[in-house]
Amino acid sequence: MDRQRQLIIIAAVCAFTLVGVAAGWFAALDGAMRDVRFSLTNRPATGEIILVEIDAEAVANTGVGVGTRGLYARAIEELFIRGARSVTLGISVSSREPDPGDAALVRTLQTHAGRVRTITTHRGESGGDLTLAFPSPLFASIAPPVYIDAVMGRDRLKGTYDTTAMHDGWVIESFATALTPSRDIRPDSFFVDYAIDYATVPRVTLSNLFDGNTAPEFFLDRDVVIGLASYAQISTQTVPRYGMLSTPAVELLAAESVRQDRMLRSMGGMPVGIIIIAGTLVFAILRPSMTLRSALLGSAAYSGVLEFVALVLQVHSGLLLETAGIHVAQAGLIIAAFWHELEQKSQSLSKASRERDAMRSMLERVVADNFDGVVVIDRNKTIRAASRLAEDLVGPGLVGKRLEEVLPAPFRHALERALDHGDAMDAVCETAIAFKDVERVIEFVVTLSDIDADESTGRVACLTFRDVTERRHDEERMSYLALHDPLTGAASRARFLDEVGKQLIKPADRFRGVGVFLIGLSRLKTINDTLGHAHGDALLKQVVSRLDLLGPISVARLEGNAFAVLRQGLTTTDDGRAFADQLIETISRPYHLDGHQAIIGARVGMSDSDLSGSSPEAIVTHASLALSIAIDQQGNCAVTFSKDMDARIKTKQDMEIALRAALSNNEFTVHYQPQVDLETGEIIGVEALTRWTHPLLGTVSPAEFIPAAEETGLILELGRWVLDTACAEVATWDKPVRLSVNVSPLQFDYGDIVGDVEAALAASGLAPNRLQVEITESLLVTETSRAATKLLALRDIGVGVALDDFGTGYSSLSYLGRLPIDTIKIDQSFIRGLPQDAEASAIVRTVLMLSESLGKNVVAEGIETQDQAWLLRLAGCKIGQGYYFARPAPAAQIIALLSGAEQDKFTTRMIG
Ligand code: C2E
Ligand code: MG
Ligand code: MG
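Residues numbered from 1 in each chain as written. Chains lettered and ligands numbered in written order. Predicted model: local features only at pLDDT ≥ 70, side-chain atom pairs only at ≥ 80, totals over all residues. Heavy atoms only, no water.

Q: Any chance you could explain the sheet that holds strand S27 (residues 637-640) here in plain terms?
A: Strand pairing in a sheet relies on backbone hydrogen bonds. The paired strands run either parallel or antiparallel. A sheet is described by the order of its strands in space; here five strands give the open sequence S22-S23-S21-S26-S27, paired in mixed fashion. Each end of this open sheet is capped by a strand with a single partner; those strands are strand S22 (554-559) and S27. Neighbour-to-neighbour, the strand axes of the sheet open up by a mean angle of 20 degrees, direction not taken into account. As paired strands, S22 and strand S23 (residues 562-567) are joined by five bridges and run antiparallel to one another. (Pairing = 2+ DSSP bridges. Helix = DSSP H or I, 4+ residues; strand = E, 2+ residues; numbered from the N terminus. Axes fitted to C-alpha atoms, helices over the stretch in contact; angles between N-to-C directions.)

Here it is as structure tokens:
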């Protein structure tokens, strides 16, 4: 686009100069150049043409009655006497007025006929023809006139000299050509060569001629022109080099031009035009690859060379090349180039300034929108930019203020150090600064940048800061939480282990009696359930406070109801035991909680560096093993670790491995224990009880392997297997008895019990209402809502729910009404006491009454005697289960039982 425009301008310059050349716009310039060229090539006159000027003195000395024409005659005579070759009477004798010297002149002309010329002068033009002033016929017939005043010819602008003039059909030769007649070929017109120095044309006055003061041979063989000293009367011309010159002088130079063969010819406009076009083309092609300076130099060189060529042509060939157009074209092209360059410069300048503005506003935005507090200060300590966050914290309107006016001391000092001593900070620094009277933790850094774009800034310092108060608080809280129990403030497990480790750095430390006491609180759940968690929490805090009072010990809370105490200096087992008892005593004293009194129990497991060695982990693990044994025991008690406990861990691990193998080796079977209608003795249902036959251990009790399966998570798989197997077997029996299957709380918590039941029913084809799941109270105590949802889903399928071992757990009756439980199984521990134990029988009666009012079925478990069966029947219990009727047995035996003969036995038992 730019290039195209440039080419158009170049073409326009070229066209303009071509028109100018054709129209002669540069004639003046050409003239001036010709002047210079003529001056440079100055050449002398031949000296063969002499001018005799008629001076005032000669006229004054003319005798009375002689007249000027007589003076002319005398001069002509004298010149011929002196040997002149020809004489041209350069003064007009056209007047027909008689002159006293007319006769003398006629005589002289006749005497020298053929050697004297008169002149005819130009008077004007009419109808395209010249009007000439001819000499009086008196003289014209004797001395034929030559045409003068023809300089410039008809085309005065061109400044040509015409070699002939036409008058009345006559051809009159010009003075210049007539004076050198030997030349054969004459051009019609020519340019006078003004390089010929007019001053070198020999000139004398008429008085000198008559005085005889000139050298004798001065006029010998010379062509002489007689003219007036002042030619003003004739006319003057504007000519090159000389400016104003009298017409005879011009005539003389023209005559000299002819004589020296210096009749100059113009080469015309054509070559100039061609040179202009060629120069323009060269310029257009080369310009893009040239700098402005080289284009200028190239152009000047081009003009200079052409000017030299023109000079050479003029001097050697008499050819005139009008170079003005060429120079104008070159000048025009250079001006266009200059203009273009200027335009481009200003364009790139304005582009650069636009870019700078954009960059500046972008930087301002970047600073303002910065996520951190950013303040930029110039070397005069004036704030140049500030981010929004900086203004939020420090105060609004920071920009333009001095740093000491607004910035807090730590920022100020760091910035001054940076600006005054070039001492930027190499790391982020943290300090507390009060903003709006609130102390905050601030992280900040000062950086220095040298900016030379704007002299008002120079070096700037940038303060970047961030409010890290919250972060520091969080970090402190996190590290506190990592090391402390948030509720009681006691140490965390990690910190406790650390503390134990610190006590046992050196091997010898183990003999200092470093003891670890792990405490399990009992009945805490009851407090939480009955008094609420707030009171439970308050109690825990009191526990820690009490423990703290026991002297130089570390107290940690490991989880919900488990605490740990580290004590040093207990070197004997008895010391340890005594301290454990002290712990139990301390914890089990009554607590006062907002008007309520509460008592909790404590079991302690302990170990020390003497028993467990110097590994903190080992001491804690051993103490926790001892605690697990203590927990298995009734009431408050303390257990000290012993080596055989460690062996128990091994059995537990073995158990886990064996259980996994049992599942894949099909070592499990399901036995069934009948449930009997106490009225009729009829078997109405069976409870599925899982049996494990280990290849080496033999039969393993569910009381042993169910907790192990629960601990390892294998219970989920085992539970599914029992459900599938029991449903599948019972579904094939002829008698449609009801099937009860025990389900672990873990199957509710971590398994998909509803899905499992559905799958088992679908696979076996057992009617849902023939299936009942047995759950324990612990399921209802923890996470009641989730369990309830699943229980409801089971009821929706049509599956029954029985509450097993009723009376042994928390025995909160409140949930009985709320939850979809249709059967309550009174735990065998109550039945065992019947009929002697009055309390047990009272409980049994109460449960039976309550269940009836709630519309629940009741199953009495563990009936071993006829008395028990009878008593329960009388008390209104409908269903019984126990060894009295049948022990749990494999399916085949139960099928036999269900067949008529055996069934009759039960019937007689009950009715009989
Ligand atoms: P449970 O559900 O209360 O089962 C009744 C337990 O009492 C059975 O013990 C049964 O053999 C025993 N029993 C029945 N009648 C009498 C009696 O007249 N006198 C005495 N002394 N005991 C009687 P078992 O089979 O050893 O089961 C123990 C516990 O193991 C079961 O108690 C049940 O809670 C659990 N259990 C058994 N099988 C499974 C199972 O497949 N899954 C789950 N989650 N738990 C199971
Ligand atoms: Mg059961
Ligand atoms: Mg039971």
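Q: Looking at this structure, how should I read the UniProt feature "domain: GGDEF" (unreviewed entry) in the protein chain?
A: Summarizing the sequence annotation, UniProt attributes the feature "domain: GGDEF" (unreviewed entry) to residues 512-644 in the numbering used throughout. The span residues 512-644 is 47% helix and 29% strand, and its two end C-alpha atoms sit 24 Å from each other. (UniProt positions renumbered as here; feature names shortened; annotations may be inferred.)

Q: Would you mind showing me how to read the coordination of the magnesium ion (ligand 2) here?
A: In the first shell of the magnesium ion (ligand 2), the protein supplies Glu687 (OE), Asn742 (OD1), Glu774 (OE) and Asp804 (OD), at 1.9 to 2.4 Å from the metal. Here the magnesium ion (ligand 2) and the magnesium ion (ligand 3) are spaced 4.1 Å apart, linked through Asp804, which binds each one. With a gap of 55 residues between them, Glu687 in strand S29 (residues 683-694) and Asn742 in strand S31 (residues 738-742) connect regions that are remote in the sequence. What makes Glu687 buried here is its relative accessible area of 3%. (Donors = N, O, S within 2.8 Å, 3.2 Å for Na, K, Ca; no water. Buried < 20%, exposed > 50% of the residue type's maximum accessible area, 1.4 Å probe, protein only.)

Q: Teacher, can you tell me more about the nonpolar core here?
A: Proteins that are soluble and globular tend to have nonpolar side chains buried together. Ranked by internal contacts, the top residues of the largest apolar core, which has 77 residues, are Tyr672, Leu739 and Leu771. Per element, the largest residue contribution to this core is seven residues, and it comes from helix H25 (residues 715-731). Judged by nonpolar contacts, the second largest core, of 33 residues, contains Tyr161, Val192, Ala195 and Val250. (Core = buried A, V, L, I, M, F, W, Y, C linked by side-chain atoms within 4.5 Å.)

Q: Got a minute to help me understand the pattern of salt bridges in this structure?
A: Where side chains of opposite charge bring their charged atoms close, a pairing between them can arise. Under the criterion given, the structure shown has 34 salt bridges. Here Asp223 and Arg259 are joined by a salt bridge, their closest N and O atoms 2.7 Å apart. Taken as a pair, Asp223 in strand S11 (residues 223-228) and Arg259 in helix H9 (residues 247-259) lie far apart in primary sequence, 36 residues in all. Residue classification places Asp223 among the buried positions, given a relative accessible area of 3%. Here Lys502 and Asp498 are joined by a salt bridge, their closest N and O atoms 3.7 Å apart. With Lys502 and Asp498 both in helix H17 (residues 493-503) and four residues apart, this pair spans about one turn of that helix. (Salt bridge = Lys/Arg side-chain N within 4 Å of Asp/Glu carboxyl O.)

Q: Explain the packing of helix H4 (residues 67-81) against helix H5 (residues 102-111) here, please?
A: Two numbers describe a pair of packed helices, the interaxial angle and the distance between the axes. Viewed as axis vectors pointing N to C, H4 and H5 meet at an angle of 30 degrees, and their least axial separation amounts to 7 Å. Relative to H5, the element H4 is oriented roughly parallel. Crossing hand, H4 versus H5: left-handed. Every residue of H5 that contacts H4 at Arg69, Gly70, Tyr72, Ala73, Ile76 and Glu77 is listed here: Asp102, Ala104, Leu105, Thr108, Leu109 and Thr111. Tallied by class, the residues present in the contact of H4 with H5 amount to six nonpolar, three polar and three charged. (Parallel < 35°, antiparallel > 145°, perpendicular 65-115°, else oblique. Left-handed = near helix turned anticlockwise from the far one by under 90°. Contact = heavy atoms within 4.5 Å. Nonpolar A, V, L, I, M, F, W, Y, C, P; charged D, E, K, R; others polar.)

Q: Would you take a moment to explain the coordination of the magnesium ion (ligand 3) for this structure?
A: Octahedral metal centres with six donors ideally show angles of 90 or 180 degrees, and tetrahedral centres with four donors ideally show 109.5 degrees. The magnesium ion (ligand 3) binds to the protein through Asp804 (OD), Asp805 (OD), Glu861 (OE) and Glu861 (OE), with metal-donor distances spanning 2.1 to 2.6 Å. Written as a sequence motif, the donor arrangement for the magnesium ion (ligand 3) is D-D-x55-E.

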